[in-house]
Amino acid sequence: MTTLAGELAPPRAARTRVPLGLAAGAAMLVALLGGSALAPVLTSYDPYAQNLNAMLLPPSAAHWFGTDNYGRDVFTRVLYGAAIDLRIAVLAVVFPFVFGVVAGAVAGYLGGWADAAVMRAVDVITAVPFMVLVIAIVAFLGPGELNILVAIGVVDWIVFARLVRGEVLRDKNLEYVTALRALGFSRARIVLRHLLPNALPPAAVFLASDIVLVILTTSTLGFLGLGVRPPAPEWGLMISEGRTFIYTGWWAAAMPGFACMYAGIAFILLGDGLADLLRVRGQ
Amino acid sequence: MRAVISFVVAVGLALTLFGPAGAAGYKTVVQFGVNRAADNLDPVTQDANPNIWAFMQIYQQLVRVNVKGDGFVPDLAQRWTVSPNGKTWTFYLRPDAKWSTGDPVTAADAAWSLQRAHDLDGPWKWALEAVQSIAAADDHTLVITLKEPWAPFLSDVSLFSNSILPAKIFRDAKPEDISNKPVGSGPFMLTEWRKGDEIVMKANPHYFEKGRPRTSELHIRYIPDDNNRMIALQSGDVDGIDYPPFSQISVLRRDPRLDVQLNPSTAVSHVMLNVTQAPLNNVKFRQALSYATDRAAINKGVCYGFCVPATSFMPLTTLYFNKGLKGYTYDMDKAKALLKESGVPTPVTLTAMLWAGAGDPQTATTLLKGMWAPLGVTLNLAPLDRAAATQRMRALDYQVFVSGWTNDVPDPSELANYEFDYVTAKSYHTGYHSAQMDKLLAAGMSELDPAKRRQIYYQIQDLAIQDAPLIWLYYAPYTIAINRKMHGFVQMATGPWLFKDVTVEQ
């Protein structure tokens, strides 16, 4: 056993070597999540505590990212805000991912009226720009975290559906699927056990970049006053509140802006890395 | 293309050189950037400042409030007399006044306009409540008879809702015509209106004051974003802007090209409390909140120290403002004691309605959240769009709402009735109703002796503080920033701008 493992180890390690992007993205994300989780230990400030004697102080040793117009520590708020923005981002993509993948697979494999129904729904939603539709839904339902999740859920699944449908369409007439059909496997088994595993990797890769889109959407809604309610330290809301002071205290808006950028880059690297990894394994 | 451009340039030059008020070295167009857009220019039905301030360029009233906001000056009426019994007012109109169409302004126009303001159900119906009849005695004499002597009558006539409109044009017109295509006798006339973007006005060639307005065109441009408005001013795109935020005053003052003004206003900012629901129906609880509100801190956090902490419901410049009042001075111990007395169990959760994206009210609400927390009161912020918030405010479907008022007349009766008379506006949409207050308000309207009236309004201020249906926060000056090349600009204490003397150097 030991010999065998020893023999196999080197080539296996070479094949599954973690791509640099994946490592970097994961590290950035872990740092952000860790910082957010450990926020009470990392800073002694309360993200909500106002101090009007410390309004709009520039970044310093005491306030790494400066203070905002209520004298609140921006670094603390950015850390606490990560929990809100990342939570919404992750929760918001779960439903569209699952629903989109299933709808896409069913549409692709069954064809006919199922395909027509799913794809017409996709067309309808595609006809309106993503951001406009999300804003319209949230404006209709009212601001708040749950409504953001609903709005993104309604709109975002179509990308996954289209992606997976394409994969399934390409694969469903391949020999191995024909073989499965000849063996008398059920449609559900063919789709779930054999077609989906091959169609999922591109969807999973897209998921990473989709989270970036959702983070930006959440903060855009916050910026427009349609997102999380003030005074929550949500990044978009912080940018919106801080933008008035862009001349007197640029840090109040810029720091949460950098945080959005940081989270975006982390997920994009993660997605890229994941794609590399899956490509290697696919070969 | 080149030909077109040179043609445009040539026409532009010609306009600059030969324009009506195009005295050499001055611009023919005044550009002014504002933070809120007008949407309706009917004087009788509107109550939002952007509408009022825009149509005040177009209409005249019989008399006008003076710039300081504490007296009256003639406008369409040259002079006026009142009968010894105080019930008959006679206004003598200036014979040289003309509509922007060139037709003369007559007493019949005035009678029709005031009758319309009297009959229409609108937010300002109370202003002519005391009127029995309005009649034109001849072309230039208007006689108004009152049901009883009415102390603030001149004040009420000066109100913008009592603007004089041409009867001939509007008598049989649809109401939207007044809203959208107003005609008046004021210094400017509306020529083009791209709603939500820009109002273009030209000098009224028939305006009675010769040589005014001094600039032939006025463009009121809607630039809602504070930073964009300031950039537009600094880049020379506009000649002046309203409402540069308090936080930017010190920055703008460093720019030598700009004149940053803090103009005396008739404004008061306050927190409306819906007193029809528990726990805000408990007066002790409201007093506790009032004591827990640190006005000095709000002045610092919202106004950067440029405001005055409020001590009464009345703005500083109002007639009979009681300078001796202390109002609610910040006292957390007293607040806690009152809360205990009130019997309201803590922790309490209140919801503050908020205009999404509203700058100062949002800041004030956020500060209140911090201030009331030690009292055991959790204030949740609920942003809504403007229309929805206004609707819920009017339906008394809210708990806490930060808003503000500007006096349009020097007399205290306008605000006192709006704020504490249930019939007028559900006591500023708080639902407050007090028999004692009703009696004082009625006395304030009919008492003619100024010394006695002063005492009545002092009592109203005391009772208001005691009952605390609102929490009064601060008196803010109007902020204006104009290019130093702009001369003659005046902002009245009641808010509207006067552009008729304005010139802008090239």
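Nothing here was measured: the structure is a model prediction, and the numbers come from that model.

1. Let's talk about the overall build of chain A
At step 1: For chain A, the helix and strand inventory stands at eleven helices and zero strands.
At step 2: When the helices and strands of chain A are placed in sequence order, the string is α-α-α-α-α-α-α-α-α-α-α.
At step 3: Seen through its C-alpha atoms, chain A measures out along the principal axes to roughly 80 × 60 × 25 Å.
At step 4: When the 283 residues of chain A are sorted by exposure, 48% land in the buried category.
At step 5: When contacts within chain A are restricted to residue pairs at least 6 apart in sequence, long-range pairs at least 24 apart make up 70% of them.
At step 6: On chain A, roughly 13,800 Å² of surface is accessible, and the fraction owed to carbon and sulfur atoms is 70%.
At step 7: If the 19 positive side-chain charges of chain A are averaged to one point and the 17 negative ones to another, these points end up 9 Å apart.

2. What about the overall build of chain B?
At step 1: In terms of regular secondary structure, chain B is built from 17 helices and 23 strands.
At step 2: Summarising its shape, the C-alpha atoms of chain B cover approximately 80 × 60 × 40 Å along the three principal directions.
At step 3: Taking all 506 residues of chain B together, the buried fraction comes to 58%.
At step 4: Partitioning the intrachain contacts of chain B with sequence separation of at least 6 by distance along the chain shows that 69% fall at a separation of at least 24.
At step 5: Carbon and sulfur atoms provide 54% of the accessible area of chain B, an area that totals close to 20,100 Å².
At step 6: Of the side-chain charges in chain B, 48 are positive and 49 negative, and the distance between the mean point of each set is 4 Å.

3. With respect to the pattern of salt bridges
All names here are of chain A.
At step 1: Counting across every chain of the model gives 28 salt bridges over all chains.
At step 2: Put simply, Asp68 and Arg72 hold a salt bridge, and the shortest N to O gap is 2.9 Å. The same class applies to Asp68 and to Arg72, which are both buried.
At step 3: The salt bridge involving Glu145 is made with Arg87; its shortest N-O contact spans 2.9 Å. Of the two residues, Glu145 is situated in helix H7 (residues 145–171) and Arg87 in helix H4 (residues 74–110); the sequence distance between them amounts to 58 residues.
At step 4: Salt bridges here are not isolated pairs; linked through shared partners, they connect Asp68, Arg72, Arg77 and Glu241.

4. Some points on the domain arrangement of chain B
Residue and element names in this part refer to chain B.
At step 1: Considered domain by domain, chain B is made up of domain 1 (6–182 + 485–504) and domain 2 (264–477).
At step 2: Averaged C-alpha coordinates put domain 1 and domain 2 at centres separated by 31 Å.
At step 3: Of the residues lining the interface, 21 residues belong to domain 1; the matching set on domain 2 comes to 21 residues.
At step 4: Of the roughly 1,800 Å² buried at the junction of domain 1 and domain 2 (both faces included), carbon and sulfur atoms supply 62%.
At step 5: Counting across the interface, domain 1 meets domain 2 through one salt bridge.
At step 6: Linking Arg394 and Asp47 is a salt bridge whose minimum nitrogen-to-oxygen distance equals 3.3 Å.
At step 7: Taken together, the connections running from domain 1 to domain 2 amount to four residue pairs in polar contact (both at pLDDT 80 or more).

5. Observations concerning the interface of chain A and chain B
At step 1: Contacts between chain A and chain B engage 20 residues on the former and 24 residues on the latter.
At step 2: Counting the surface lost from both chain A and chain B, the interface buries some 1,900 Å², and carbon and sulfur atoms represent 58% of this.
At step 3: Where chain A touches chain B, the interface holds one salt bridge.
At step 4: For A:Arg243, the salt bridge identified is with B:Asp225, shortest N-O distance 2.5 Å.
At step 5: The class makeup of the residues in the side of chain A that touches chain B is ten nonpolar, six polar and four charged.

6. A few points about the environment of B:Pro74
Residues and elements named next belong to chain B.
At step 1: Tracing the backbone shows Pro74 in strand E3 (residues 72–74).
At step 2: You can call Pro74 partly exposed: its relative accessible area is 41%.
At step 3: As for Pro74 and Gln61, which are separated by 13 residues in sequence, their C-alpha atoms are 8.8 Å apart.
At step 4: When sequence neighbours within four positions are dropped, the list of residues in contact with Pro74 reads Leu62, Trp80 and Arg94.

7. Examining empty space enclosed by the protein
At step 1: Under the criterion given, the structure shown has four cavities of 30 Å³ or more.
At step 2: In this model, the largest cavity occupies a volume close to 90 Å³.
At step 3: Lining the largest cavity, in full, are B:Ile52, B:Met56, B:Gln61, B:Arg64, B:Val65, B:Ser158, B:Phe160, B:Asp408, B:Met492, B:Thr494 and B:Pro496.
At step 4: A volume near 60 Å³ is recorded for the second largest cavity.
At step 5: Broken down by secondary-structure element, the contributors of at least two residues to the lining of the second largest cavity are H4 and helix H10 (235–242) of chain A.
At step 6: Ranked by residues supplied to the lining of the second largest cavity, first place goes to H10(A) with three residues.
At step 7: Across the lining of the second largest cavity, the residue classes tally to three nonpolar, two polar and four charged.

8. Remarks on helix H12 (residues 359–372) of chain B
Residues and elements named next belong to chain B.
At step 1: With 14 residues, H12 ought to run about 20 Å at 1.5 Å a step, and its terminal C-alpha atoms sit 20 Å apart, in line with that.
At step 2: Most of H12 is tucked away: ten of the 14 residues are buried.
At step 3: Residues of H12 that are buried include every one of Gln362, Thr363, Ala364, Thr365, Thr366, Leu367, Leu368, Lys369, Met371 and Trp372, and no others.

9. Here's the deal with the packing of aromatic side chains
At step 1: Here the structure, examined in full by the defined rule, presents 35 aromatic pairs over all chains.
At step 2: Relative to B:Phe306, the ring of B:Phe246 has its centre 6.3 Å away and its plane inclined at 20°; by these criteria the two rings are stacked. Of this pair, B:Phe246 sits in the loop between strand E11 (240–242) and helix H8 (249–253) while B:Phe306 sits in the loop between helix H10 (295–303) and strand E14 (308–309), and the two are 60 residues apart along the sequence.
At step 3: Between B:Phe313 and B:Trp472 the ring centres are 6.5 Å apart and the planes differ by 55°, which places this aromatic pair in the tilted class. Remark: B:Trp472 occurs in strand E18 (residues 470–475) and B:Phe313 occurs in the loop between E14 and helix H11 (332–342); sequence separation between them is 159 residues.
At step 4: Judged by its relative accessible area of 1%, B:Phe313 falls in the buried class.
At step 5: Of the residues examined, B:Trp472 reaches a relative accessible area of 3% and is grouped as buried.
At step 6: Through successive ring pairs, a cluster of aromatic residues spans B:Phe32, B:Trp53, B:Tyr243, B:Tyr478, B:Phe489, B:Trp497 and B:Phe499.
At step 7: Here the guanidinium or amino end of A:Arg189 rests over the ring plane of A:Phe185, the centre of that ring lying 4.2 Å away.

Here is what the cut-offs are and how they apply
- Within each chain, residue numbers correspond to sequence positions counted from 1 in written order.
- Starting at A for chains and at 1 for ligands, labels are handed out in the order in which the entities are written.
- In view of the model being predicted, local features appear only for residues whose pLDDT reaches at least 70, and side-chain atom pairs are presented and counted only at 80 or more, with totals across whole chains, interfaces and linings using the full set of residues.
- Calculation of side-chain values draws on the structure's entire complement of heavy atoms; hydrogens and water are dropped beforehand.
- Only DSSP runs of H or I covering at least 4 residues are called helices, and only runs of E covering at least 2 are called strands; the numbering of each starts at the N terminus.
- Under the scheme applied here, a residue whose accessible area is under 20% of the maximum for its type counts as buried, over 50% as exposed, and between as partly exposed, the area being computed with a 1.4 Å probe on protein chains only.
- Here, two residues are considered to be in contact whenever any of their heavy atoms come within 4.5 Å of each other.
- In this description, accessible areas are obtained by the Shrake-Rupley approach with a 1.4 Å probe, and a residue is regarded as covered only by the protein chains that are shown.
- Under this rule, positive means Lys or Arg and negative means Asp or Glu; His and the chain ends count for nothing.
- Throughout, a charge is located at the NZ atom of Lys, the CZ atom of Arg, the CG atom of Asp or the CD atom of Glu.
- By convention in these notes, a salt bridge is any Lys or Arg side-chain nitrogen within 4 Å of a carboxyl oxygen on Asp or Glu.
- Residue ranges assigned to each domain were obtained from an automatic or database domain assignment.
- Throughout, buried area stands for the accessible area (probe radius 1.4 Å) lost by two parts on being put together, summed over both.
- Distance and chemistry together define a polar contact, namely a pair of N or O atoms within 3.5 Å, with one atom able to donate a hydrogen and the other to accept it when in protein, and with adjacent residues in sequence counting only for side-chain atoms on both sides.
- Charged means Asp, Glu, Lys or Arg here, nonpolar means Ala, Val, Leu, Ile, Met, Phe, Trp, Tyr, Cys or Pro, and polar covers whatever is left, Gly included.
- Cavity and pocket criteria rest on a 1 Å grid covering protein atoms alone: a 1.4 Å probe that fits but cannot get out defines a cavity, protein on both sides within 12 Å along at least 5 of 7 lines defines an open pocket, and an atom within 4 Å of a point defines a lining residue.
- Grid points are joined across faces, edges and corners, and a volume is the space filled by probe spheres set on the points.
- The span expected for a helix works out to 1.5 Å for each residue beyond the first.
- Aromatic rings from Phe, Tyr and Trp, taking only the six-membered ring of Trp, are treated as a pair when their centres fall within 6.5 Å; an angle between ring planes under 30 degrees marks them as stacked, one over 60 as edge-to-face, and anything in between as tilted.
- We call a charge positioned above a ring when the Lys NZ or Arg CZ atom is no farther than 6 Å from the ring centre and deviates by at most 35 degrees from the ring normal.

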